[in-house]
Amino acid sequence: MQTSEIALNRLEHLLDIKDDLALICHKKPDSDTLGSALALSLGLSSCGKKTSVYASDPIPRNLTFLPLAEQVRCFKTLKQKRHEFAVCLDCGDYGQTGLRPVYEDKHPFSIFVNVDHHGNEDFADLNIIDTRASSTAEIIYALLLRFNIEITKEIATCLLAGIIGDTDNFKNPNTTLKTYKATSSLMRKGANLNKLGKSLNRNKSFSGLKLWGKVLARVKKHPEFGIVSAFITRKEIDEAGCLSDDIEGIANFLNSIPEAKASLLLTEEKNGDLKGSFRTLLPEVDVAKIAKFFGGGGHRKAAGFTFPGRIVFKENSWKIV
Ligand SMILES: [Mn+2]
């Protein structure tokens, strides 16, 4: 799925005539949603536009180095500001925007745009979707070129952070020739690939690594489906004093063995929910379909679900209750 010229022209026109925008990251911001929002914010500011970046959840500590990350605001401010025009970045569905708990299904924006590479749902008034892009950052890169906005070193850094994050260091099958072309151009603009890789990948704490050990010790492979799975309980996360950054990456790491068709990591959430994260590296496997079966969603290579539940385990077996 790729956005039509008409939609792109409409977005260009809207950005031309409107001066004040809210840029909204998805829940639990990652480097793609945040890098895309910050890059767009920096780019539009250079054209004299007023932009504010919002996120419903705090920024993970390994992303606070991104230019302007300290200026990301919470949803309380979003409510006070009464923006007319909002663009959400990297949100696969309306729920991902985090707006529902604040506004229910009736958001207050008269112009609501979504720029994304997942393409599950056309929930905004204008949906700029490219499912062939590795990341939303790759789409924003193309949009900035189209709008003749100069890509500064800061913008390049934000966009490359998004690309590195979503391609899992250029390892995922969503990495294309276009991704490498964008990357090389962003590096030419001053983004430091080495430094970014270090900041994004070296983000674990000591207790976090110990938790990884526990989780990896209980990895199982389904004999029929080839799904490699593991789980983390809330008690273990709390006892280790771990943050969500510490657990980040386990789901991808489970795919490291070649016989894995897909991986599933189950995490007990604070609110009593059980979160499932599916990942696959195989082009023919679509984990979004499996996640949908459990009431969730996502894209072909990374998808997830949540439902109320807890894990009960004894020695070698475990079940969801
Ligand atoms: Mn993304």
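Look above for the structure.
Residues numbered from 1 in each chain as written. Predicted model: local features only at pLDDT ≥ 70, side-chain atom pairs only at ≥ 80, totals over all residues. Heavy atoms only, no water.

Draft legend 1. Spatial organisation of the packing of helix H6 (residues 153–166) against helix H8 (residues 193–201). Contact geometry of H6 with H8 gives a least axis separation of 10 Å together with a crossing angle of 55 degrees. The orientation of H6 with respect to H8, classified from their angle, is oblique. The two elements H6 and H8 cross, and the hand of that crossing is right-handed. On H8, the residues that touch Thr157, Leu160, Ala161 and Ile164 of H6 are Leu193, Leu196, Gly197 and Leu200. Broken down by class, the residue content of the contact of H6 with H8 amounts to six nonpolar, two polar and no charged. (Axes fitted to C-alpha atoms, helices over the stretch in contact; angles between N-to-C directions. Helix = DSSP H or I, 4+ residues; strand = E, 2+ residues; numbered from the N terminus. Parallel < 35°, antiparallel > 145°, perpendicular 65-115°, else oblique. Left-handed = near helix turned anticlockwise from the far one by under 90°. Contact = heavy atoms within 4.5 Å. Nonpolar A, V, L, I, M, F, W, Y, C, P; charged D, E, K, R; others polar.)

Draft legend 2. Here's a closer look at the pairing of strand S1 (residues 20–24). Across the five residues that make up S1, a large majority, four, are buried. As defined by bridge partners, S1 adjoins strand S2 (residues 50–54) across five bridges and the pair is classed as parallel. From the neighbouring strand, alanine 22 faces S2, where its bridge partner is serine 52. Read from S1 through helix H2 (residues 31–45) to S2, the crossover connection turns out right-handed. (Buried < 20%, exposed > 50% of the residue type's maximum accessible area, 1.4 Å probe, protein only. Pairing = 2+ DSSP bridges. Right-handed = clockwise from strand over helix to strand, strands pointing away.)

Draft legend 3. Structural detail: the pattern of salt bridges. In the structure shown here, the tally under the stated rule is 14 salt bridges. Its salt-bridge partner being glutamate 84, residue lysine 18 comes within 3.3 Å of it at the nearest N-O pair. Here glutamate 84 lies in the loop between helix H3 (75–81) and strand S3 (85–89) and lysine 18 lies in the loop between helix H1 (5–17) and S1, a separation of 66 residues in the sequence. Note on glutamate 84: relative accessible area 40%, which makes it partly exposed. Residues joined in a network through salt bridges with shared partners are Glu5, Glu12 and Arg146. (Salt bridge = Lys/Arg side-chain N within 4 Å of Asp/Glu carboxyl O.)

Draft legend 4. Region of the structure containing the packing of helix H5 (residues 136–146) against H6. Relative orientation of the contacting elements H5 and H6 amounts to 145 degrees, with a least axis distance of 8 Å. For the pair H5 and H6, contact is made by Ala137, Glu138, Ile140, Tyr141 and Leu144 and by Ile155, Leu159, Gly162 and Ile163, respectively.

Draft legend 5. The arrangement of the coordination of the manganese ion in detail. Within the protein, the manganese ion binds to Asp32 (OD), Asp90 (OD), Asp90 (OD), His117 (NE2) and Asp166 (OD); these donor distances fall in the range 2.1 to 2.8 Å. Counting along the primary sequence, the residues that act as donors to the manganese ion give the motif D-x57-D-x26-H-x48-D. In this pair, aspartate 90 is assigned in the loop between S3 and helix H4 (100–103) and aspartate 166 in helix H6, connecting sequence segments 76 residues apart. (Donors = N, O, S within 2.8 Å, 3.2 Å for Na, K, Ca; no water.)

Draft legend 6. Just the packing of aromatic side chains, in detail. This model, assessed by the stated rule, comprises 13 aromatic pairs. Arranged with centres 6.4 Å apart and planes meeting at 80 degrees, the rings of tyrosine 94 and phenylalanine 112 form a pair that is edge-to-face. With tyrosine 94 in the loop between S3 and H4 and phenylalanine 112 in strand S4 (residues 111–116), this pair connects stretches of sequence that are 18 residues apart. The same class applies to tyrosine 94 as to phenylalanine 112, namely buried. (Phe/Tyr/Trp six-rings, centres within 6.5 Å; stacked < 30°, edge-to-face > 60°.)

Limitation: the analysis is restricted to geometry and does not speak to function.
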